[in-house]
Amino acid sequence: MKRFYTFFSFFILLTVLGGCNDMVVITKPIIEGDNFETPFDMLSSDLNATFARGEEVFMKVFTVEEGLGPIFNNTGCISCHPGNGRGTPDLALTRFSIGHDLIPDLGGPQFQNKAIPGAPYEVLPMGVDKSPRLPPPIFGLGLIENIPVETILSYADEFDADGDGISGRPNWVIPPDYVPTTEVGGGPGQQFGRFSRKAQVSSLVQQVAEAFQQDIGITNGFIPEEHFHAGDTVPDPEIDKLTVMETIVFLRLLSPPPRGEITPEVKKGDALFNTIGCVSCHVPTMQTGPSPIEALNEVEVHLYSDLLLHDMGEELADNRPDGSATGREWRTAPLWGTRLVAEFLAGTPFFLHDGRVTTLEGAIRTHGGEAQNAKEAFFNLSETEQQAVIAFLNSL
């Protein structure tokens, strides 16, 4: 299985840097471990050093003098991911195209809504297929990356052979040439997509390199060209490959928060979550494969997702494809960290790909397509049983 041994062996030579200040609005004091900013336990001093360097880049606010723009969405990674969790609707990024076709003369696939002084603003073209996407939480990505493709595919049933109405399927994508073959999701031919809202990204290298170039307008060693508009006055690339890889290692080593208190009501809700069929897509656990990092090495991952595409019905459809994902399909969203969403978004939780609802009941109500039966089963429960399911979700 492909891994990041080449970069890993280089990173262990790095020196320790100090950590960064938290940039998050919370509603009450955080209990130890109840955050999205903690590295895995028992990391070596060298890996802790790499984590600190990557954290510094992630927390950095870029300036025009450092290469920000010329068009961009925000000034740094942390600006879109408060506390390393999900963003708010006002931070949503809009992807657009006409079907699968990009529009070379008009930009895309992402709409940059800001520009540096003197640069022309991008205008969202009329008549295009557009899809607002809430910035996702970034913890646990190293665990997701290290789940073997074979494990995930064991949950796929593209043609619903078992007749249960659930037909999860993979999004096979062609990675950019700049993704090293040593990276998970890199190499020639189709690769398994496991990242982003429609699983249209197969590697963390692509996810992070594109975020720098498109979200912040920072060219880098992997993508050294400015996006769409004429460049700024800072020589390209504005950051090198090592800086991107340091950021990736930071993301790999961010630990998911622990479960909350498991009360009798939570246990009852857990059982009901299984009974009504939610686990058909929100698979409770999977196991990672081998890794040189002990925290990622053959461990159980409690992400509550199968990482596959599912038709979620008309209400959630954005009618815009990504890779082989249709306009009605979404990757099953992992549920870990649900209990802390409100605390890291100034008291108001936002759910779904575009943050349109602020309650878990509201999120369930929008489910359709393959999730229709599970949704109906939930709302056919008694009020006490429904609240037990919500209590369970709020323990994750």
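Because the structure is a prediction, the values reported are computed rather than measured.

## Some points on the overall build of the chain
Argument step 1. Helix and strand content of the chain: 11 helices and 11 strands.
Argument step 2. Counting the 396 residues in the chain, one finds 57% classified as buried.
Argument step 3. A separation threshold of at least 6 residues defines the contact pool for the chain, and within that pool the share at least 24 residues apart is 70%.

## Brief notes about the state of the cysteines
Argument step 1. Tallying each qualifying case throughout the model produces 0 disulfides.
Argument step 2. Of all cysteine sulfurs in the structure, the one in cysteine 80 sits closest to cysteine 77, which takes part in no disulfide; the separation is 8.5 Å.
Argument step 3. The closest cysteine sulfur to the non-disulfide-bonded cysteine 281 is located on cysteine 278, 8.7 Å from its own sulfur.

## Some thoughts on the pairing of strand β2 (residues 93-97)
Argument step 1. In terms of burial, β2 is a largely internal element, 5 of the 5 residues being buried.
Argument step 2. Residues of β2 alternate between two faces, with Leu93, Arg95 and Ser97 on one and Thr94 and Phe96 on the opposite face, all of them buried.
Argument step 3. Bridge count for β2 against strand β5 (residues 129-133) is 5 bridges, and the pairing is antiparallel. Of the residues in β5, the one forming a bridge with phenylalanine 96 is lysine 130.

## Considering the packing of aromatic side chains
Argument step 1. If you walk through the whole model with that rule in mind, you get 10 aromatic pairs.
Argument step 2. Residues tryptophan 172 and phenylalanine 192 carry aromatic rings whose centres are separated by 5.9 Å and whose planes lie at 75° to one another, so their mutual orientation is edge-to-face. Placement of the pair is tryptophan 172 in strand β6 (residues 171-173) and phenylalanine 192 in strand β7 (residues 191-193), with a sequence separation of 20 residues.
Argument step 3. The buried category is assigned to phenylalanine 192, whose relative accessible area is 3%.
Argument step 4. Between phenylalanine 273 and phenylalanine 392 the ring centres are 5.0 Å apart and the planes differ by 50°, which places this aromatic pair in the tilted class. Placement of phenylalanine 273 in helix α8 (residues 264-275) and of phenylalanine 392 in helix α11 (residues 383-393) is noted, with a sequence separation of 119 residues between them. When sorted by exposure, phenylalanine 273 lands in the same class as phenylalanine 392, which is buried.
Argument step 5. Feature note: the residues Phe51, Phe58 and Phe250 constitute an aromatic cluster, connected by ring pairs.
Argument step 6. Above the ring of phenylalanine 62, the side-chain terminus of lysine 60 is found at 5.3 Å from the ring centroid.
Argument step 7. Directly above the ring of tryptophan 330 sits lysine 198, whose terminal nitrogen or CZ lies 4.4 Å from the centroid.

## As for the sheet that holds strand β3 (residues 110-111)
Argument step 1. Read across the sheet, 3 strands follow the order β3-β2-β5 without closing on themselves; strand pairing throughout is antiparallel. Each having just a single partner strand, β3 and β5 make up the two edges of the open sheet.

## Notes on the pattern of salt bridges
Argument step 1. A full pass over the atoms with the stated rule returns 13 salt bridges.
Argument step 2. Members of the salt-bridge network, linked through shared partners, are Arg95, Arg133, Lys198, Asp318, Arg320 and Asp322.

## Observations concerning the packing of α8 against α11
Argument step 1. Close contact between α8 and α11 brings their axes to 7 Å; oriented N to C, the two are set at 100°. The orientation of α8 with respect to α11, classified from their angle, is roughly perpendicular. From α8, Glu265, Val266, Lys268, Gly269, Asp270, Leu272 and Phe273 reach across to α11, where they touch Thr384, Glu385, Gln387, Ala388, Val389, Ala391, Phe392 and Leu393.
Argument step 2. Grouping the constituent residues of the contact of α8 with α11 by class yields 8 nonpolar, 3 polar and 4 charged.

## Observations regarding the layout of surface pockets
Argument step 1. Considering only enclosed or pocket space, the second largest pocket measures out at about 250 Å³ in volume.
Argument step 2. Around the second largest pocket, the lining residues are Leu143, Pro256, Pro257, Pro258, Arg259, Val299, Glu300, Val301, His302, Tyr304, Trp336 and Leu396.
Argument step 3. Looking at the lining of the second largest pocket, its residues break down into 9 nonpolar, 1 polar and 2 charged.

## Overview of the packing of helix α2 (residues 45-59) against helix α7 (residues 241-252)
Argument step 1. One way to put it is that α2 packs onto α7 with a least axis distance of 7 Å and a crossing angle of 105°. What the angle tells us is that α2 and α7 run roughly perpendicular. Along its contact with α2, which presents Thr50, Phe51, Arg53, Gly54, Glu55, Val57 and Phe58, the element α7 presents Thr243, Glu246, Thr247, Val249, Phe250 and Leu251.
Argument step 2. Taken together, the residues that form the contact of α2 with α7 break down as 6 nonpolar, 4 polar and 3 charged.

## Let's talk about α7
Argument step 1. End to end, α7 covers 16 Å across 12 residues, agreeing with the expected 16 Å (1.5 Å per residue, within 8%).
Argument step 2. Counting buried residues along α7, 10 of its 12 residues qualify, which places the element largely inside the surrounding structure.
Argument step 3. Residues of α7 that are buried: Thr243, Val244, Met245, Glu246, Thr247, Ile248, Val249, Phe250, Leu251 and Arg252.

## Side note on unusual backbone geometry
Argument step 1. Between glycine 69 and proline 70 the backbone carries a cis peptide bond, its omega angle lying at 15°.
Argument step 2. Relative to the helices and strands, proline 70 resides in the loop between α2 and β1 (71-72).
Argument step 3. Of the consecutive residues aspartate 236 and proline 237, the connecting peptide bond is found in the cis state with omega at -5°.
Argument step 4. A positive phi angle is found at alanine 199, which is not glycine, with a value near 55°.
Argument step 5. Following the sequence through the fold, alanine 199 ends up in the loop between β7 and α6 (204-216).
Argument step 6. Using a relative accessible area of 0% as the deciding quantity, one classes alanine 199 as buried.

What counts and how
Residues numbered from 1 in each chain as written. Predicted model: local features only at pLDDT ≥ 70, side-chain atom pairs only at ≥ 80, totals over all residues. Heavy atoms only, no water. Helix = DSSP H or I, 4+ residues; strand = E, 2+ residues; numbered from the N terminus. Buried < 20%, exposed > 50% of the residue type's maximum accessible area, 1.4 Å probe, protein only. Contact = heavy atoms within 4.5 Å. Disulfide = S-S within 2.5 Å. Pairing = 2+ DSSP bridges. Phe/Tyr/Trp six-rings, centres within 6.5 Å; stacked < 30°, edge-to-face > 60°. Lys NZ or Arg CZ within 6 Å of the ring centre and 35° of its normal. Salt bridge = Lys/Arg side-chain N within 4 Å of Asp/Glu carboxyl O. Axes fitted to C-alpha atoms, helices over the stretch in contact; angles between N-to-C directions. Parallel < 35°, antiparallel > 145°, perpendicular 65-115°, else oblique. Nonpolar A, V, L, I, M, F, W, Y, C, P; charged D, E, K, R; others polar. 1 Å grid on protein atoms, 1.4 Å probe; cavity = no way out; pocket = protein on both sides within 12 Å on 5 of 7 lines; lining within 4 Å. Points joined across faces, edges and corners; volume = space filled by probe spheres on them. Expected span 1.5 Å × (residues − 1).

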